[in-house]
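# Working through the structure, step by step
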Amino acid sequence: MLVQVNKRSRYLIPVIRYWSGSDSEVLSLNIDEIKSKFSNNQKKLLNRIEKLIGHDSSVALISLQGVEKTSQAEIEVIANIISQFSDIKIFSFKDKPREIAFIGKAFKRHKVKILPQYKVAKYNKNHQPWAIDLVLELMRPIGDEFVKIASLGVEYDGYPAHYVESKIKSTYNRDTNILAQSGIFSIRISPESWKNDPENIKKSIKKYFEHKIKEIETIQRKTLLVVDRKPRKYAECPICLGERVLANDFCPVCKGLGSVYADQLVNIDESEYIHFDCPDCKGKRATCHLCHGNGYIDREKAIEWQKSRV
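Take the packing of aromatic side chains next. Summed over the entire model, instances satisfying the criterion amount to four aromatic pairs. Ring geometry for phenylalanine 85 versus phenylalanine 209: centroids 6.5 Å apart, planes at 45°, classification tilted. Within this pair, whereas phenylalanine 85 is found in the loop between helix 4 (72–82) and strand 4 (86–94), its partner phenylalanine 209 is found in helix 7 (residues 198–228), the two being separated by 124 residues in sequence. Phenylalanine 209 carries the same exposure label as phenylalanine 85, and that label is buried. When the centroid spacing of 5.9 Å and the interplanar angle of 45° are considered together, the rings of tyrosine 208 and phenylalanine 209 count as tilted. Take phenylalanine 209: its relative accessible area is 0%, and that puts it in the buried class.

Positive phi, normally seen in glycine, also occurs at lysine 108, with a value near 55°. Tracing the chain through its elements places lysine 108 in the loop between strand 5 (99–105) and strand 6 (111–120). What makes lysine 108 buried here is its relative accessible area of 19%. Located in the positive-phi region is alanine 247, a residue other than glycine, with phi close to 55°. Checked against the element boundaries, alanine 247 lands in the loop between strand 11 (245–246) and strand 12 (249–250). A relative accessible area of 7% means that alanine 247 is categorised as buried.

This part covers the nonpolar core. Ile81, Ile82, Ile114, Leu136 and Phe209 are the most contacted members of the largest nonpolar core, which totals 43 residues. The element contributing the most residues to this core is helix 4, with six residues. Ignoring sequence-local partners within four residues, the contact set of isoleucine 81 consists of Leu134, Leu136, Val154, Ile189, Trp194, Lys202 and Ile205. Residues Ala247, Phe276, Cys291 and Ile303 belong to the second largest nonpolar core, which totals 20 residues.

Procedures and definitions
Residues numbered from 1 in each chain as written. Predicted model: local features only at pLDDT ≥ 70, side-chain atom pairs only at ≥ 80, totals over all residues. Heavy atoms only, no water. Phe/Tyr/Trp six-rings, centres within 6.5 Å; stacked < 30°, edge-to-face > 60°. Helix = DSSP H or I, 4+ residues; strand = E, 2+ residues; numbered from the N terminus. Buried < 20%, exposed > 50% of the residue type's maximum accessible area, 1.4 Å probe, protein only. Core = buried A, V, L, I, M, F, W, Y, C linked by side-chain atoms within 4.5 Å. Contact = heavy atoms within 4.5 Å.

Structure follows, in structure tokens:
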């Protein structure tokens, strides 16, 4: 994300992509200007959630209040859910109607596109689109690109009207139609379930994405077998021991698959993979508790560190 300085106020102003119809141009979004219009309750909400997702992202998220009846309670739930993804940045911004997208880092070098109040067009284009409280798109690095491999919708049912029988029945139809129209599978959260165990809900979302990653890895592995046209046996990667990722980067030998062809084991020299760049400080902090200022860690510690992240 580019940053420019306003010479009059000397505030840093993020420069993001702004969409206007079919054309696009780069404009500056003044976070302080948006925040200056916040009510006292919005300012209190900002103090709570900026510790989770950062100041700028929090201001942008709160600015959605009122869009599709978005409440402060819903905004706080969204902030908590996406806080499990690191380094969240504003990805795109549209003012009228207000639409905001964020990007964050997930596990195993994947990224997550975060789309609050995501619109799904109905079959009849003359009807208003469906709005999903939050859509999370899991993006997998393939070559030089990030490719979407999963979409998960999250609905926070905070209004009492959500639990009227007629509303429940229409919700079932709505979720089914959204799945058919966009491929987005949705989960629903009640205020009670969130209050009782928010961490379990966050963990479930993470596990869902982990399942999707494993599915794609299996497809990639099977595809290689078809391409080779020779049935070959696999063995656990001797470098990452099946962890797929070492020191926050794909294993240099198995390329993130966790296994290698068994007949290639004899060609792998483990002595060439003794040290890995420190994933905690990248060699930039002499007081780093992980590498003790060396800038690198050994393979055993890299595996232990990766296991602790799961």
